[in-house]
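Next come the chains, spelled out residue by residue.
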Amino acid sequence: MDRRLPLILLLAFACVSCATPEPGPVVTTAKGLVWGDCAPFAGDPERKAAFDRRSLDCAALEVPLEHASPAGRKIRLGLLRQRATDPARRIGALVFNFGGPGASGMASLADLGGTLAQRGDEVAARFDLIGFDPRGVGASEPALRCLTGPEQDAQRLEYVDLSTPDGVARMEARNKDLADKCAERTGRTELANLGTRDVVRDLDLLRAALGEQKLNYVGFSYGTQIGTAYAEAYPGNVRAMVLDGASSFELDGVASGSEQGEGFAATFRSYAKDCAARERCPVGTSPAKAQDRLDALTEPLRTRPLPVGDRKLSADDVTGAVDHLLYSSANWPRLTEALDALKAGDGTDLLAAADEFLGRRPDGGYDASQAALTAVNCVDSPPTKDRSKLKGDPAVLDTCAFWAVPHTSTPHRPKVDGLPPVVVVSSTGDPATPHAWGIKLAEALRARLLTFEADQHTIYLQGNRCVDRPVTEYLVGGALPPEGLTCR
């Protein structure tokens, strides 16, 4: 799933390291993909356990690092397939992207696919389900390196007071240092070819390698951005497309970060209202004062992080953990327990949630999810270098203002003449991708909009029959959901 923070905090955090991916020797052939054992693509014990099912197999797709130079250097992208459980009724391949930027499609598909197969879902029966790690992520190349694990740990504990000119200068120096290290440790050519533009071209090569004349695609969160760009670049190559949790196609990084921040604030107010009605609530019985109570819990950690075993919980960790647990109301009880524990002086649960958000592994290393989020965002949108155009106070130049390579895309309304009917799913209380973005995307693509009334970031295939049934019927047979359908 997509994991974001309001822009200033996001770009302060988004700097991680990852090991060089070592996918197995299986690569594309002239006739298509050769599938084999998934173990060489696992990389760590957790992924290995998820990949260890007989219904799964893996391959590596070879693509140009620079699509403008197809005869030049090649990179490998990791792919995972769950074969259709009813081969006699198989329609084709259905490709998933689970968001980020930076989410591992292989790991996410391994988890989701097993659930769908167990409950006899029609999607799992009729399609080979395909998850891919986008370039720079997981088992895919190039290896994306920014900060080391210890550097990331240290930065999480560093408090920067943005209310002072010195603090703003320190934050901007930190952001520049991140940009410089990403360029030095990853390579400028590699960074310049990590954007959505490049992933879209990879996706069309994947479609062809799978032997599919038309693409079947489900994109969640940032995956909707990939889907939208694909629909604009290759409208005639689409058979069916579902976009759940729409990214904004018309806002730059500053504006989208601002609206996203408003979305998280609104969802926190919903959480506070729900919490206030329960027996115990760590942010009090007055939703209007809940943010003040959370700030009071967090403030002491700015200058004195709370010991948690051999580590410490910082104020920024709390902010990241809270936003992470706001993505779905199903996580709200966990958030309440974690904040209640913090009141009692125990930061264990919040540190675990912050680690989940940032992709920190038990061995102290970090996956590439947050580094990829920064890299893709900086390449996808023009940087803002003029402080007068920044929203909010203080005005801090983010990492993208210092990025070493130029952007390759710009926000714009997509032109999708020739695109067949597609489906957009949008939740009214989505904190990360506001409902207004879903409405605008459906209008731009002339798509059928399905509305889900809940505080939830993405919903398709999570077991809500009102959503799952009509969307699956569309993927299988092409029939659009009823116009104006709203689910709860």
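Above this text is the structure in question.
Quick notes on the rules
Residues numbered from 1 in each chain as written. Predicted model: local features only at pLDDT ≥ 70, side-chain atom pairs only at ≥ 80, totals over all residues. Heavy atoms only, no water. Salt bridge = Lys/Arg side-chain N within 4 Å of Asp/Glu carboxyl O. Phe/Tyr/Trp six-rings, centres within 6.5 Å; stacked < 30°, edge-to-face > 60°. Buried < 20%, exposed > 50% of the residue type's maximum accessible area, 1.4 Å probe, protein only. Helix = DSSP H or I, 4+ residues; strand = E, 2+ residues; numbered from the N terminus. Expected span 1.5 Å × (residues − 1). Contact = heavy atoms within 4.5 Å.

Chemist: How should I be thinking about the pattern of salt bridges in this particular structure?
Modeler: Two side chains bearing opposite charge may form a pair once their charged atoms approach each other closely. Summed over the entire model, instances satisfying the criterion amount to 32 salt bridges. Because the salt bridges share partners, they merge into one network encompassing Asp86, Arg89, Glu122 and Arg126.

Chemist: Help me understand the packing of aromatic side chains, please; the structure alone is not making it clear to me.
Modeler: In this description, an aromatic ring pair is defined by two values, namely the gap between the centres and the angle between the planes. This structure, assessed with the given rule, holds six aromatic pairs. Here the aromatic rings of Tyr230 and Tyr234 are separated by 5.0 Å at their centres, their planes lie at 45 degrees, and the arrangement is tilted. Residue Tyr234 is classed as partly exposed on the basis of its relative accessible area of 23%. Ring centres 5.8 Å apart and planes at 75 degrees place the aromatic pair Tyr271 and Trp332 in the edge-to-face group. Placement of the pair is Tyr271 in helix α10 (residues 253-276) and Trp332 in helix α14 (residues 332-343), with a sequence separation of 61 residues. The exposure class assigned to Tyr271 is buried, which follows from its relative accessible area of 0%. Three or more aromatic residues joined by ring pairs make a cluster, and in this case those are Phe96, Phe98 and Phe220.

Chemist: Looking at this structure, how should I read helix α3 (residues 105-118)?
Modeler: The α-helix winds at 3.6 residues per turn, so residues separated by three or four positions along the chain end up facing the same way. The end-to-end C-alpha distance of α3, which contains 14 residues, comes to 20 Å, matching closely the 20 Å that a straight helix rising 1.5 Å per residue would cover. Burial of α3 is extensive: ten of the 14 residues sit out of reach of the surface. Taken as a whole, α3 has its buried residues at Gly105, Met106, Ala107, Ser108, Leu109, Ala110, Leu112, Gly113, Gly114 and Leu116. In this structure, the buried side of α3 is in contact with α2 (45-51), β1 (56-64), β2 (74-82), β3 (92-97), α4 (122-126) and β4 (127-132). Just downstream of α3 lies Gly120, where phi reads positive at about 70 degrees.

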